[in-house]
Amino acid sequence: MPHHRSPKRLMEITTGVWAAKALAEATRLDLFSQLSAAPGATAGEVAARNGLAERPAELLLTACAALGLLRRAGDGYANTPEAEEYLVRGRPDYFGDAVLSLDRRYAGWMRLEEALRTDSPTNFDPAAKESMFDPEDTALTATFWKSMYALSATSARALAAAYDFSPVRLLLDVGGGGAAYDIELCRAHPDLRCTVLDLPFVCELTGEGVAAAGLADRIACMPGDFLRDAELPGGHDAVLLSQILHDWDEATNRLILDKCFAALPSGGRILISELLVADSKDGPLLPALMSLNMLVSTWGRNYTAAEYGRWLAAAGFVDVTTVRFEGPGADGAVVAVKP
């Protein structure tokens, strides 16, 4: 029998934004929190609770069920374990803020052709400001850090399990934002202390989260600008760059790595935690798409472990290795040592 191909997979790729918008709008309605409190609610009940007609409510519920986020429960719907863990507000790993933050940035993706033709971000106006993170727009940046917390915390937990931090006493988290990595690493390693280096207004937000986690005695926040400051603070035996270097071009990243090298003592180590594109540059899917997201959002891209390895060696580091793990914000860490 001849093998008949079908364009079904192409249709699934083409309709990817439909699935993403279904999840985003269900999250915006807080549908999963509602169904956690009242599992088995019918389309009519969901419609009434949210001021919707029954038809759109039913269509959204059916789509979320088809996506594996809801299951049928009698005449109604209930959360699957995945939705219950990540999409119910107030849960420790609530992912809804990340869903909505990424959804808000679709405007740039809708102009992907322009980004491809101009080699320039479309999620902000490069003529008006230098990055998506406008120091003037502290509210937007605060929302971003809050939204990225779940992405970072689950990735940090995976890194903490995959890499032995026991020799590290004091870690410098460069551009550490909401301190998600520091909180998770400190929970996993009782002897570890961390310093988060970030912009002054970010430090104010970070302090609140660290205090809420009960770790104010072990995680300090130091105001600074890792791009503009001539040097990074010394006195640390490890430096972490988590989801930082994908924002910048090679020249900027080499400058950052040189500063990290200068700030570390002999025997100090550096960890670059990222979604790593394969050295063969043909996947995996999430790092590859995140890299394309950098085209519309930044001046960077997601790099390969080999590229990071070359830059680390050029900066003077030795013993470059890659630690693999599974996380939504990072799936590996390129580690190196200062001789």
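One can find the structure itself at the top, above this paragraph.
Residues numbered from 1 in each chain as written. Predicted model: local features only at pLDDT ≥ 70, side-chain atom pairs only at ≥ 80, totals over all residues. Heavy atoms only, no water.

*Asks:* Explain the overall build of the protein chain here, please?
*Replies:* Across its full length, the protein chain holds 15 helices and nine strands. Against the globule reference of 20 Å for 339 residues, the protein chain gives a C-alpha radius of gyration of 22 Å, in line with a compact fold. With respect to the three principal axes, the spread of C-alpha positions in the protein chain is 65 × 55 × 50 Å. Each of the 339 residues in the protein chain was classed as buried or not, and the buried ones make up 49%. In the protein chain, the proportion of contacts linking residues at least 24 apart, taken out of those at least 6 apart, comes to 68%. Only carbon and sulfur atoms are counted for the fraction: they give 57% of the accessible area of the protein chain, which is about 16500 Å². (Helix = DSSP H or I, 4+ residues; strand = E, 2+ residues; numbered from the N terminus. Rg over C-alpha atoms; globule rule 2.2 N^0.38 Å. Buried < 20%, exposed > 50% of the residue type's maximum accessible area, 1.4 Å probe, protein only. Contact = heavy atoms within 4.5 Å. Areas by Shrake-Rupley, 256 points an atom, 1.4 Å probe, with all protein chains shown as cover.)

*Asks:* Whenever I open this one, helix 11 (residues 180-188) confuses me. Can you help?
*Replies:* In an α-helix, one full turn covers 3.6 residues, which means residues spaced three or four apart are oriented alike. Across the nine residues of helix 11, seven count as buried, placing the element largely inside the fold. Those residues of helix 11 lying buried are A180, Y181, D182, I183, E184, L185 and C186.

*Asks:* Where do I start with unusual backbone geometry in this structure?
*Replies:* Excluding glycine, a negative phi dihedral is what most residues carry, and trans is how most peptide bonds are arranged. Of note, the bond from G283 into P284 is cis; its omega dihedral lies within 30 degrees of zero at -15 degrees. Checked against the element boundaries, P284 lands in the loop between strand 7 (269-274) and helix 14 (285-297). A positive phi angle is found at K281, which is not glycine, with a value near 55 degrees. Here K281 lies in the loop between strand 7 and helix 14.

*Asks:* Whenever I open this one, the pattern of salt bridges confuses me. Can you help?
*Replies:* A pair can form between side chains of opposite charge whenever their charged atoms are brought close. Across all of its chains, the model carries 15 salt bridges by this definition. Note that R28 is salt-bridged to D103, the shortest N-O span being 2.8 Å. Highlighted residues: R28 in helix 2 (residues 16-28) and D103 in helix 7 (residues 96-104), separated in sequence by 75 residues. On the basis of relative accessibility, which here comes to 41%, the residue R28 falls in the partly exposed class. A residue is classified by how much of its surface remains accessible, and D103, at 8% relative accessible area, is buried. A salt bridge links R111 to E114; the shortest N-O distance between them is 2.9 Å. (Salt bridge = Lys/Arg side-chain N within 4 Å of Asp/Glu carboxyl O.)

*Asks:* Would you explain the sheet that holds strand 9 (residues 332-337) in this entry?
*Replies:* Through backbone hydrogen bonds, the strands of a sheet pair up, either in parallel or in antiparallel fashion. Sheet architecture is open: seven strands sit in the order 5-4-3-6-7-9-8, paired in mixed fashion. Since the sheet does not close on itself, it has two edges, and those belong to strand 5 (219-223) and strand 8 (318-324), each with one partner. Looking at each pair of strands side by side, their axes are set apart by 20 degrees on average, direction ignored. By the bridge criterion, five bridges tie strand 4 (residues 193-198) to strand 5 in an arrangement that is parallel. In the strand pairing of strand 5, C194 is matched with I219. Packing of helix 13 (residues 250-263) onto the sheet brings it into contact with strand 6 (238-242) and strand 7, and relative to strand 6 it is tilted by some 160 degrees. (Pairing = 2+ DSSP bridges. Axes fitted to C-alpha atoms, helices over the stretch in contact; angles between N-to-C directions.)

*Asks:* Which parts of the structure should I look at to understand the side chain of T27?
*Replies:* Within the secondary structure, T27 sits in helix 2. Beyond its immediate stretch of four places on either side in the chain, T27 contacts F32, L87, Y94, G96, V99 and L100.

*Asks:* Mind showing me how you'd approach the environment of L151 here?
*Replies:* When you line up the elements, L151 lands in helix 10 (residues 138-162). Owing to a relative accessible area of 7%, L151 belongs among the buried residues under this scheme. Once residues within four sequence positions are removed from consideration, L151 is found in contact with F95, P328 and G329.

*Asks:* Honestly, helix 4 (residues 43-50) in this entry has me stumped. Any pointers?
*Replies:* Of the residues making up helix 4, those classed as buried are A43, V46, A47 and N50. Along the long axis of helix 4, the arc covered by the buried residues comes to 100 degrees, so they all point the same way. The elements touched by buried residues of helix 4 are helix 3 (31-37) and helix 5 (54-66). Of the residues one or two after helix 4, G51 is the one with positive phi, at around 65 degrees. (Arc of directions from axis to C-beta.)

*Asks:* Can you help me understand a nonpolar patch on the surface in this one?
*Replies:* A cluster of nonpolar side chains, M11, V17, W18 and M110, forms an exposed patch at the surface whose accessible area comes to about 460 Å². By the secondary structure assignment, M11 is in helix 1 (residues 8-14). (Patch = residues over 30% accessible without salt bridge, like charges linked within 9 Å, V, L, I, M, F, W, Y side chains within 5 Å.)

*Asks:* Which parts of the structure should I look at to understand the environment of L59?
*Replies:* In this structure, L59 sits in helix 5. Along the sequence, L59 and A43 sit 16 residues apart, while their C-alpha atoms lie 8.8 Å from each other.

Bear in mind that shape data such as this cannot, by itself, settle questions of function.
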